[in-house]
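Each chain is listed here by its residues.
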Amino acid sequence: AQSVTQLGSHVSVSEGALVLLRCNYSSSVPPYLFWYVQYPNQGLQLLLKYTSAATLVKGINGFEAEFKKSETSFHLTKPSAHMSDAAEYFCAVENRDDKIIFGKGTRLHILP
Amino acid sequence: GAVVSQHPSRVICKSGTSVKIECRSLDFQATTMFWYRQFPKQSLMLMATSNEGSKATYEQGVEKDKFLINHASLTLSTLTVTSAHPEDSSFYICSQKAGANTDTQYFGPGTRLTVL
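Quick look at the structure, then. (Residues numbered from 1 in each chain as written. Chains lettered and ligands numbered in written order. Predicted model: local features only at pLDDT ≥ 70, side-chain atom pairs only at ≥ 80, totals over all residues. Heavy atoms only, no water.)

**Considering the overall build of chain B**
Turning to step 1, where the next piece is worked out: The number of helices and strands found in chain B is 0 helices and 11 strands.
Turning to step 2, where the next piece is worked out: Reading chain B from its N end, one meets helices and strands in the order β-β-β-β-β-β-β-β-β-β-β.
Turning to step 3, where the next piece is worked out: Here the C-alpha atoms of chain B give a radius of gyration of 13 Å, agreeing with the 13 Å that 2.2 N^0.38 yields for 116 residues.
Turning to step 4, where the next piece is worked out: The principal-axis extent of the C-alpha atoms belonging to chain B is close to 40 × 25 × 25 Å. (Helix = DSSP H or I, 4+ residues; strand = E, 2+ residues; numbered from the N terminus. Rg over C-alpha atoms; globule rule 2.2 N^0.38 Å.)

**Some details on the state of the cysteines**
Residues and elements named next belong to chain A.
Turning to step 1, where the next piece is worked out: Under the counting rule described, the total for this entry stands at 2 disulfides over all chains.
Turning to step 2, where the next piece is worked out: The side chain of Cys23 participates in a disulfide bridge whose partner is Cys91; the two sulfur atoms lie 1.9 Å from each other. Here Cys23 and Cys91 share a disulfide; its torsion about the S-S bond, -60°, makes the bridge left-handed. Taken together, the residues Cys23 in strand S3 (residues 19-25) and Cys91 in strand S9 (residues 87-94) connect sequence positions 68 residues apart. (Disulfide = S-S within 2.5 Å.)

**Remarks on the pairing of strand S5 (residues 44-50) of chain A**
Residue and element names in this part refer to chain A.
Turning to step 1, where the next piece is worked out: By the bridge criterion, 6 bridges tie strand S4 (residues 32-38) to S5 in an arrangement that is antiparallel. When the sheet's bridge partners are listed, Val37 is paired in S5 with Gln45.
Turning to step 2, where the next piece is worked out: Linking two consecutive strands that pair antiparallel, namely S4 and S5, is a turn of 5 residues; a positive phi of about 60° is found at Asn41 within it. (Pairing = 2+ DSSP bridges.)

**Some words on the interface of chain A and chain B**
Turning to step 1, where the next piece is worked out: Counting residues at the interface gives 18 residues for chain A, matched by 20 residues for chain B.
Turning to step 2, where the next piece is worked out: Taken together, both faces of the contact between chain A and chain B bury some 1,600 Å²; the carbon and sulfur share is 49%.
Turning to step 3, where the next piece is worked out: For Lys97 of chain B, the salt bridge goes to Glu94 of chain A, with nearest N and O atoms at 3.2 Å.
Turning to step 4, where the next piece is worked out: Counting residues per element, the ones that place at least two in the side of chain A that touches chain B are S4, S5, S9 and strand S10 (100-102) of chain A.
Turning to step 5, where the next piece is worked out: If one sorts the elements of the side of chain A that touches chain B by residue count, S4 of chain A sits on top with 4 residues.
Turning to step 6, where the next piece is worked out: For the side of chain A that touches chain B, the per-class residue count stands at 7 nonpolar, 6 polar and 5 charged. (Contact = heavy atoms within 4.5 Å. Buried area = accessible area lost by both parts, 1.4 Å probe. Salt bridge = Lys/Arg side-chain N within 4 Å of Asp/Glu carboxyl O. Nonpolar A, V, L, I, M, F, W, Y, C, P; charged D, E, K, R; others polar.)

**Concerning the sheet that holds strand S7 (residues 64-68) of chain A**
All names here are of chain A.
Turning to step 1, where the next piece is worked out: Spatially, S1-S3-S8-S7-S6 is the arrangement adopted by the 5 strands of the open sheet, whose pairing is antiparallel. Each edge of the sheet is formed by a strand with only one pairing partner; in this case those strands are strand S1 (4-7) and strand S6 (56-58). Across the sheet, the mean angle separating the axes of adjacent strands is 20° when strand polarity is ignored.
Turning to step 2, where the next piece is worked out: Inspection of the sheet shows S1 paired to S3 by 4 bridges, in the antiparallel sense. For Thr5, the partnering residue across the bridge sits in S3 and is Asn24. (Axes fitted to C-alpha atoms, helices over the stretch in contact; angles between N-to-C directions.)

**Some words on the nonpolar core**
In summary, soluble globular proteins display a tendency toward joint burial of nonpolar side chains.
Turning to step 1, where the next piece is worked out: Residues Trp35, Leu48, Phe74, Leu76 and Tyr89 of chain A are the most contacted members of the largest nonpolar core, which totals 26 residues.
Turning to step 2, where the next piece is worked out: Membership of the second largest hydrophobic core comes to 23 residues, among which are Val11, Val19, Ala30 and Ala56 of chain B. (Core = buried A, V, L, I, M, F, W, Y, C linked by side-chain atoms within 4.5 Å. Buried < 20%, exposed > 50% of the residue type's maximum accessible area, 1.4 Å probe, protein only.)

**As for the side chain of Glu88 of chain A**
Residues and elements named next belong to chain A.
Turning to step 1, where the next piece is worked out: Tracing the sequence through the fold places Glu88 in strand S9.
Turning to step 2, where the next piece is worked out: Reaching out from Glu88, the side chain makes a polar contact with the backbone nitrogen of Thr106 at a distance of 3.5 Å.
Turning to step 3, where the next piece is worked out: Ignoring any residue separated from it by four or fewer positions in sequence, one finds Glu88 in contact with Tyr36, Val37, Gln38, Lys104, Gly105, Thr106 and Arg107. (Polar contact = N/O pair within 3.5 Å; in protein donor to acceptor, adjacent residues only side chain to side chain.)

**Re the sheet that holds strand S3 (residues 19-25) of chain B**
All names here are of chain B.
Turning to step 1, where the next piece is worked out: Strand order across the open sheet formed by 4 strands is S1-S3-S8-S7, with antiparallel pairing between neighbours. The open sheet has two free edges, formed respectively by strand S1 (4-7) and strand S7 (67-73), since each of these has just one partner strand. Neighbouring strand axes in the sheet, compared pairwise and without regard to direction, differ in orientation by 15° on average.
Turning to step 2, where the next piece is worked out: When S3 meets strand S8 (residues 76-81), the two strands line up antiparallel, connected through 6 bridges. When the sheet's bridge partners are listed, Ile21 is paired in S8 with Leu79.

**Focus on the environment of Asp27 of chain B**
Turning to step 1, where the next piece is worked out: Looking at where Asp27 of chain B falls in the secondary structure, it is placed in the loop between S3 and strand S4 (32-38).
Turning to step 2, where the next piece is worked out: Spatially, the C-alpha atom of Asp27 of chain B lies 32 Å from that of Val115 of chain B, the residues being 88 residues apart in sequence.

See the structure below:
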């Protein structure tokens, strides 16, 4: 079964700086890849998903992610961080049996 | 997107009691529902998968007699934590998939369970 690895449990960036959250998937190409955001004591909100239609996926709130098969990566980026971006971010993969497997999560801190 | 609700949002119970958590799809029919558990500062772990009208499939290490799942209709799934203990305190989140040909799961807002 597919799995994902998120590098860095905590990432801090200054407000206005580039946000880069790293995610690598296991070797075989997964059918679907996702990035979710979770604010404290809340459920998950889908940021974006990769479905093989395009390698660069644009999501909500200015986030985007690029699927790179050669690097088995699906890193999440945002050109300019905002204070409201502070949250927990999960990379996830959906296997062919419809089960979603989540990475361990990365806590994004925004410094004023 | 589709809306999934969970009830209650928070529950506190005494050790040994049972707690039922509801997961409803408000504007679509969910053929498949998933239940996740999230411990503090950890990721979501899939507990079980249920299809309407059939028994749930539990992940390895999840006790089916302790976590009873009922997917009685296309809009409602329930998770009952039986004889709850403090170690069952967690954030429980459900997700639903509208059909076999859709690639999107919709997550509920979660239920915070605290067992005293």
